[in-house]
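Here is what each chain is made of, one letter per residue.
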Amino acid sequence: MTGHGQSLFAFTRREFIKTVGASGLVLAGGISVSLAGNPSGKKLHGLSSFGELKYGADYDHFDYANLNAPKGGLFAFTPSNWGFNQNTQTFNTLNSFVLKGAAPPRMELCFDTLMVRAIDEPDALYCATAKSVEISADRNSYIFELRKEARFHDGSKLNADDVVFSFSIIKEKGHPQLSQDMRNLTEIRRLGEYRIELKFNGRQSDRAILAVAGSTPVFSKNYYENRKFDSSNLEPPLGSGQWRVGKFSAGQFIEYERVRDYWATDLPFARGVNHFDKLRIEFYSERIAAFEAFKKGDLLWREEFTSKVWATEYDFPAVKNRKVIQQLFPGELRPSMQGWAINTRRQKFSDIRVRQAIGHCFDFEWTNKNLFYGAYTRSQSLFEKSPFKAEGKPGMEEAQLLQSLTGELPDTVFDEAAYQPVSDGSGNDRKNLRKAFGLFTSAGWRSDNGKLVNDKGIQFSIEFLVRSKAFEKVLGGMTANLRQLGVSTSIRVVDPSQYQARVEDFNFDIIGSAFSFSPSPTAEGMRKFFHSEVSDVRGSNNAPGVRLAALDQLISEIARVKTRKELIIVMRTIDRVLRAYQFWIPNWYSANHRVAMWDMFGWNEPKPEYGFPVESLWWYDEAKARLIDKG
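Residues numbered from 1 in each chain as written. Predicted model: local features only at pLDDT ≥ 70, side-chain atom pairs only at ≥ 80, totals over all residues. Heavy atoms only, no water.

Chemist: What is the right way to read the sheet that holds strand β1 (residues 46-48) from this model?
Modeler: Strands pair in a sheet through their backbones, by hydrogen bonds, and they do so in one of two ways: parallel or antiparallel. Strand order in the open sheet made by the 3 strands is β1-β4-β3, with antiparallel pairing throughout. For this open sheet the edge positions go to β1 and β3 (115-117), each flanked by a neighbour on one side alone. Direction aside, neighbouring strands of the sheet carry axes that sit 25 degrees apart on average. Packed onto the sheet, helix α4 (residues 208-215) meets β1, β3 and β4 (124-127) and runs at close to 50 degrees relative to β4. (Pairing = 2+ DSSP bridges. Helix = DSSP H or I, 4+ residues; strand = E, 2+ residues; numbered from the N terminus. Axes fitted to C-alpha atoms, helices over the stretch in contact; angles between N-to-C directions. Contact = heavy atoms within 4.5 Å.)

What follows is the structure, given as structure tokens:
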């Protein structure tokens, strides 16, 4: 059969091989996503996968910034997102860039980076600490000229020695979420007091620079001459960013103070943002306690992740008096995933059929109706809300790419993209449970006096590891269904520190995972989640322990794509393969942010499409605050 790229095929693996043959990925035209769109041998003010930047070299500020917003006020909140070793329930270190310890969210705000991301573009970076960037002719090196006016908070100069130290120490000792991006970075050279070179080995994707230039913090080399970089301590580190650590109490709260004499205040990338005088993050071990603090006004802003609370519990006096308001903000245009990660490092979960059986025991329809008030849509893909979601049967280009992969793949990869079972909404769908039992038995498990056991008589057991009691109700129906099949099932609630340690050590059966990916994913970014080489790297995002030669090959293909269309083909193929193996049981998603706030803030409309950093973009409105007795 022949046809165009949109042709759909319905084959078994044998028919698939017969039809497609051994041809590789057909490269197609379209909008370039290769960094080749950015010229070499020229000083640039920004970089983008598309080679086209929204803002010219003479830009004044980002469009989503507000030059007229007043400065001042306090923003007390619990963050909606975090990274590295950060924890929203407690903290015992202020070192956020290593694996050890639990750090407070937003420590990264205290440090500058070479470039900053524009959140109204999918993947554009603009010079920040760097004044310009120049790409070498072979496109393996990037020369950054630093701004001579850059300073650390103690007034000392920020120069090339600091940047070389920072990239070197992160590559050697940094958190895997940072260091893994540098695996192909071979040289970090000082070319002069304010010039440095980052040189790759040629095996990187040409967009690897977008990750390291925009996320690697710049540390003071002098500061760490007498300090151990990878220590876990509560000494506020010397930074250079728009915020510094203020008051804090370990595990209870931390305040970040706006740096009033910030060296880059009048530069375009920093104008019109960061308006509050203080950011205060409170730490609570349970969501109920955080909600009570919000009701009292100790917290001023809250993103609500519990649909029942959103639907039924915002009826307290401050809401009725319009002092607290609720509002929906559209979600970002970024692929995202949320699901239960099944630890395939443990033998009992190594069979695909076992993982499928567990998935059949989750009744989303009942859960959404009875616990979520119909607020969610069922997730199917690892890249929901994006064109990277695989749909239907493989098109011609996907088929050709699948055929080029080595190693055996399940027949399901070559048919319809895997979808989660739909239930009758009863919470105890007998059809799905019979299917689940059949999958267990086909994988070698049998029923013995009401217990599901293997050939040695050992009962199948599952422990769901969670860090909040709020998940007990959500998982209650699923665990009850598993018990009906003879599975010994438990929900283990542990304290935040223990949870983080167990997740980093992959010491769990099943945990919840939620991530948001770049709108234009790179090979380096996907590698951190899905590559075999990171499956046993402590602290990596490869929670299920994915080890597939086919996935490793597909990640390499991302590094070679030259057009947006090719990127979509590769990403859909990755999604198709991952869903067939069911390393994650997809959960649910919402199209909006559910935000509740004390009515004392201002913000620009519309929000940026690729980010929602409220603490950086919103501002304190004194007139509103007085009206609700918060002024």
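Chemist: How do you make sense of the pattern of salt bridges when you look at a structure like this?
Modeler: Side chains bearing opposite charge may pair, as long as their charged atoms lie close to each other. Counted according to the given criterion, the structure contains 39 salt bridges. Among the ionic pairs, Glu255 bridges to Lys278, the shortest N-O distance being 3.7 Å. With Glu255 in strand β10 (residues 253-258) and Lys278 in strand β11 (residues 278-282), the pair connects residues that are 23 residues apart, well separated along the chain. Note that Lys607 is salt-bridged to Glu332, the shortest N-O span being 2.6 Å. In this pair, Lys607 sits in the loop between β24 (601-602) and α17 (614-617) while Glu332 sits in the loop between β13 (324-330) and β14 (336-342), placing the two residues 275 residues apart along the sequence. Since its relative accessible area comes to 11%, Lys607 is described here as buried. (Salt bridge = Lys/Arg side-chain N within 4 Å of Asp/Glu carboxyl O. Buried < 20%, exposed > 50% of the residue type's maximum accessible area, 1.4 Å probe, protein only.)

Chemist: Is there a simple way to think about the packing of aromatic side chains in this case?
Modeler: Aromatic ring pairs are reported here in terms of the distance separating the ring centres and the angle at which the planes meet. For the structure on display, the rule yields 57 aromatic pairs. Ring geometry for Phe362 against Trp588: centres 6.0 Å apart, planes inclined by 45 degrees, an arrangement best described as tilted. Of the two residues, Phe362 is situated in the loop between α8 (352-360) and α9 (364-370) and Trp588 in strand β22 (residues 588-589); the sequence distance between them amounts to 226 residues. Trp588 carries the same exposure label as Phe362, and that label is buried. (Phe/Tyr/Trp six-rings, centres within 6.5 Å; stacked < 30°, edge-to-face > 60°.)

Chemist: Hey, could you run me through the packing of α8 against helix α11 (residues 430-442) in this one?
Modeler: Helix-helix packing: each pair is described by the crossing angle between the helix axes and the interaxial distance. Two elements in contact, α8 and α11, have axes separated by 8 Å at closest approach and are oriented at 160 degrees. With respect to each other, α8 and α11 are oriented roughly antiparallel. Helix-helix and strand crossings are classified by hand; for α8 and α11 the assignment is left-handed. Packed against α8, whose contacting residues are Arg353, Val354, Gln356, Ala357, Ile358 and His360, the element α11 presents Asn432, Lys435, Ala436, Leu439, Phe440 and Ser442 at the interface. Looking at side-chain class alone, the contact of α8 with α11 contains 6 nonpolar, 4 polar and 2 charged residues. (Parallel < 35°, antiparallel > 145°, perpendicular 65-115°, else oblique. Left-handed = near helix turned anticlockwise from the far one by under 90°. Nonpolar A, V, L, I, M, F, W, Y, C, P; charged D, E, K, R; others polar.)

Chemist: Got a minute to help me understand the environment of Ile585 in this structure?
Modeler: With respect to the helices and strands, Ile585 occurs in strand β21 (residues 584-586). Exposure remark for Ile585: the relative accessible area of 0% places this residue in the buried category. Once the C-alpha coordinates of Ile585 and Glu524 are considered, the two residues, 61 residues apart in sequence, prove to be 24 Å apart. If we ignore the near neighbours within four places in the chain, the residues touching Ile585 are Gln338, Gly339, Trp340, Ile342, Ile358, Gly359, Arg378, Gln420 and Met478.

Chemist: What is the right way to look at the layout of surface pockets in this model?
Modeler: Regions of empty space are outlined by a rolling probe, equal in size to a water molecule, passed over the atoms. Computed from the structure, the second largest pocket encloses a volume of approximately 320 Å³. Forming the walls of the second largest pocket are 18 residues, and the residues nearest its centre are Leu44, His45, Gly46, Ala57 and Lys131. Tallied by class, the residues present in the lining of the second largest pocket amount to 9 nonpolar, 6 polar and 3 charged. (1 Å grid on protein atoms, 1.4 Å probe; cavity = no way out; pocket = protein on both sides within 12 Å on 5 of 7 lines; lining within 4 Å. Points joined across faces, edges and corners; volume = space filled by probe spheres on them.)

Chemist: Help me understand the packing of helix α15 (residues 549-558) against helix α16 (residues 564-581) in this model?
Modeler: Running from N to C, α15 and α16 cross one another at 165 degrees; their axes reach a closest spacing of 9 Å. Overall, the two elements α15 and α16 adopt an arrangement that is roughly antiparallel. In this structure, α15 crosses over α16, and the sense of that crossing is left-handed. Contact with α15, carried on its side by Leu551, Leu554, Glu557 and Ile558, involves Leu567, Val570, Met571, Thr573, Ile574, Val577 and Leu578 of α16 and no other residues of that element. Class assignment of the residues belonging to the contact of α15 with α16 gives a composition of 9 nonpolar, 1 polar and 1 charged.

Chemist: Just to check I follow, could you spell out the environment of Lys323 for this structure?
Modeler: Following the sequence through the fold, Lys323 ends up in the loop between α7 (317-320) and β13. We classify Lys323 as partly exposed; its relative accessible area is 23%. For the pair Lys323 and Cys110, spaced 213 residues apart in the sequence, the C-alpha separation amounts to 32 Å. With sequence-adjacent residues up to four places away left out, Lys323 is seen in contact with Ala318, Met597, Trp598, Asp599, Ile628 and Asp629.

Chemist: Explain the environment of Tyr256 to me, please; I cannot follow it from the model alone.
Modeler: Inspection of the secondary structure assignment puts Tyr256 in strand β10. Judged by its relative accessible area of 0%, Tyr256 is buried. Sequence-wise, Tyr256 and Lys278 are 22 residues apart; in three dimensions their C-alpha atoms are separated by 5.6 Å. A polar contact of 3.4 Å, which involves the side chain of Tyr256, links it to the backbone nitrogen of Met107. (Polar contact = N/O pair within 3.5 Å; in protein donor to acceptor, adjacent residues only side chain to side chain.)

Chemist: Quick question: what am I supposed to make of the pairing of β10 here?
Modeler: Of all 6 residues in β10, 5 are buried, a share of seventy percent or more. Where strand β9 (residues 243-249) meets β10, 5 bridges bridge the pair, whose relative direction is antiparallel. If you follow Val245 over to β10, its bridge partner there is Tyr256. With antiparallel pairing between neighbouring strands as the criterion, β9 and β10 make up a hairpin whose turn holds 3 residues, including Gly251 at a positive phi of roughly 80 degrees.

Chemist: Looking at this structure, I do not really get the nonpolar core. What am I missing?
Modeler: Proteins that are soluble and globular tend to have nonpolar side chains buried together. Counting residues in each nonpolar core, the largest one holds 108 residues, and the members touching the most others are Leu114, Phe144, Ile209, Phe269 and Trp618. Of all the elements, helix α2 (residues 160-173) adds the most residues to this core, at 7 residues. Discounting residues that sit within four places of it in the chain, Leu114 has contacts with Tyr126, Cys127, Ala128, Thr129, Ala130, Phe144, Leu146, Val163, Phe167, Ile196, Leu198 and Ala213. Phe383, Phe414, Ile511 and Leu554 belong to the second largest nonpolar core, which has 43 residues in total. (Core = buried A, V, L, I, M, F, W, Y, C linked by side-chain atoms within 4.5 Å.)

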